[in-house]
Amino acid sequence: MEPHAGSALQRHTLLCLMLVAQCVLTQGCGSHYKFAIEEFCLAKFRLEMQELDQSQWCSWEDTVELYGELTNCTYLVALNMGCYWPNRMVDEFFISVHRHYFHDCSLSGRLLRDPPNRILGPFIVVPILVTLLMTALVVWRSKRSEGIV
């Protein structure tokens, strides 16, 4: 074996060992981390969300502080346990939170409401008036026979 091939093999082996060590460290926070964020973070978030009326769950103004506290809580638990953040468990945790609390919300995070009448009115009135005007114009032109060849 050539000397360069041996050092390349050693580098490759070292790289593989480093990757495995990173994976073990990342996965090392498994069930303990999941239990901690559910007991400390999710329990508090649940109580605070129950205090809100369910119709306010999709209102970003009403939930942004609670959601921020939940995010910070998961980060602090990860920091105290020596886990990486964000990680796969945090992603799965937030997906389950969204499925439970925010599944009916729009993508923008705002409650869907009708626009005010001053905005909605012209969108209703103008097409009606144009339709009536065009109908009157067609009837008027059809009754006026002069000039038609």
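About the cut-offs
Residues numbered from 1 in each chain as written. Predicted model: local features only at pLDDT ≥ 70, side-chain atom pairs only at ≥ 80, totals over all residues. Heavy atoms only, no water. Helix = DSSP H or I, 4+ residues; strand = E, 2+ residues; numbered from the N terminus. Buried < 20%, exposed > 50% of the residue type's maximum accessible area, 1.4 Å probe, protein only. Contact = heavy atoms within 4.5 Å. Areas by Shrake-Rupley, 256 points an atom, 1.4 Å probe, with all protein chains shown as cover. Phe/Tyr/Trp six-rings, centres within 6.5 Å; stacked < 30°, edge-to-face > 60°. Disulfide = S-S within 2.5 Å. Salt bridge = Lys/Arg side-chain N within 4 Å of Asp/Glu carboxyl O. Core = buried A, V, L, I, M, F, W, Y, C linked by side-chain atoms within 4.5 Å. UniProt positions renumbered as here; feature names shortened; annotations may be inferred.

A. The overall build of the chain, seen in detail. On a plain count of helices and strands, the chain comes out with five helices and zero strands. Starting at the N terminus and ending at the C terminus, the chain contains elements arranged as α-α-α-α-α. Considering the chain as a whole, with its 149 residues, one finds that 21% of them fall into the buried category. Relative to all contacts within the chain whose residues are 6 or more apart in sequence, the contacts with residues 24 or more apart total 70%. Element-wise, carbon and sulfur atoms account for 64% of the exposed surface of the chain, whose accessible area totals about 11,900 Å².

B. Representation of the packing of aromatic side chains. Within this structure, the stated rule accounts for seven aromatic pairs. Seen in terms of ring centroids, Tyr75 and Trp85 are 5.4 Å apart; in terms of plane orientation they differ by 80°. Their pairing is edge-to-face. With Tyr75 in helix 3 (residues 60–81) and Trp85 in the loop between helix 3 and helix 4 (88–101), this pair connects stretches of sequence that are ten residues apart. Judged by its relative accessible area of 36%, Tyr75 is partly exposed. The interplanar angle of 80° and the centroid separation of 5.4 Å between the aromatic rings of Phe93 and Phe94 together place this pair among those described as edge-to-face. Each member of the pair, Phe93 as well as Phe94, is classed as buried. Ring pairing ties together the aromatic residues Phe45, Trp57, Tyr67, Phe93, Phe94, Tyr101 and Phe102, which thus form one cluster.

C. The state of the cysteines, seen in detail. Scanning the model with the defined rule gives one disulfide in all. Paired through a disulfide, Cys41 and Cys73 show a sulfur-sulfur distance of 2.0 Å. Across the disulfide from Cys41 to Cys73, rotation about the S-S bond amounts to roughly -80°, and the bridge is consequently left-handed. Of this pair, Cys41 sits in helix 2 (residues 30–51) while Cys73 sits in helix 3, and the two are 32 residues apart along the sequence. Since its relative accessible area comes to 2%, Cys41 is described here as buried.

D. Seen up close, the pattern of salt bridges. Counted according to the given criterion, the structure contains three salt bridges. Where Lys44 meets Glu48, a salt bridge forms, and the shortest distance between an N and an O atom there is 2.7 Å. Within this pair, Lys44 and its partner Glu48 are both found in helix 2, separated by four residues, close to a single helical turn. Accessibility expressed as a relative area gives 43% for Lys44, which makes it partly exposed. When the shortest N-O distance is used, the salt bridge between Arg88 and Glu92 registers 3.1 Å. One end of the pair is Arg88 and the other is Glu92, both in helix 4 and four residues apart, which spans about a single turn.

E. The arrangement of the nonpolar core in detail. Counting 24 residues, the largest nonpolar core has Tyr33, Phe45, Met49 and Val97 as its most contacted members. Listing elements by their share of this core, those giving two or more residues are helix 2, helix 3 and helix 4. With seven residues, helix 2 is the single largest residue contributor to this core. Beyond its immediate stretch of four places on either side in the chain, Tyr33 contacts Thr74, Val77, Ala78, Met81, Cys83, Trp85, Asn87, Met89 and Val90.

F. Representation of the UniProt feature "transmembrane region" (unreviewed entry) in the chain in the model. Residues given the UniProt feature "transmembrane region" (unreviewed entry) here are residues 119–140. Across residues 119–140, helical content stands at 100% and strand content at 0%; the span's end C-alpha atoms are separated by 32 Å.

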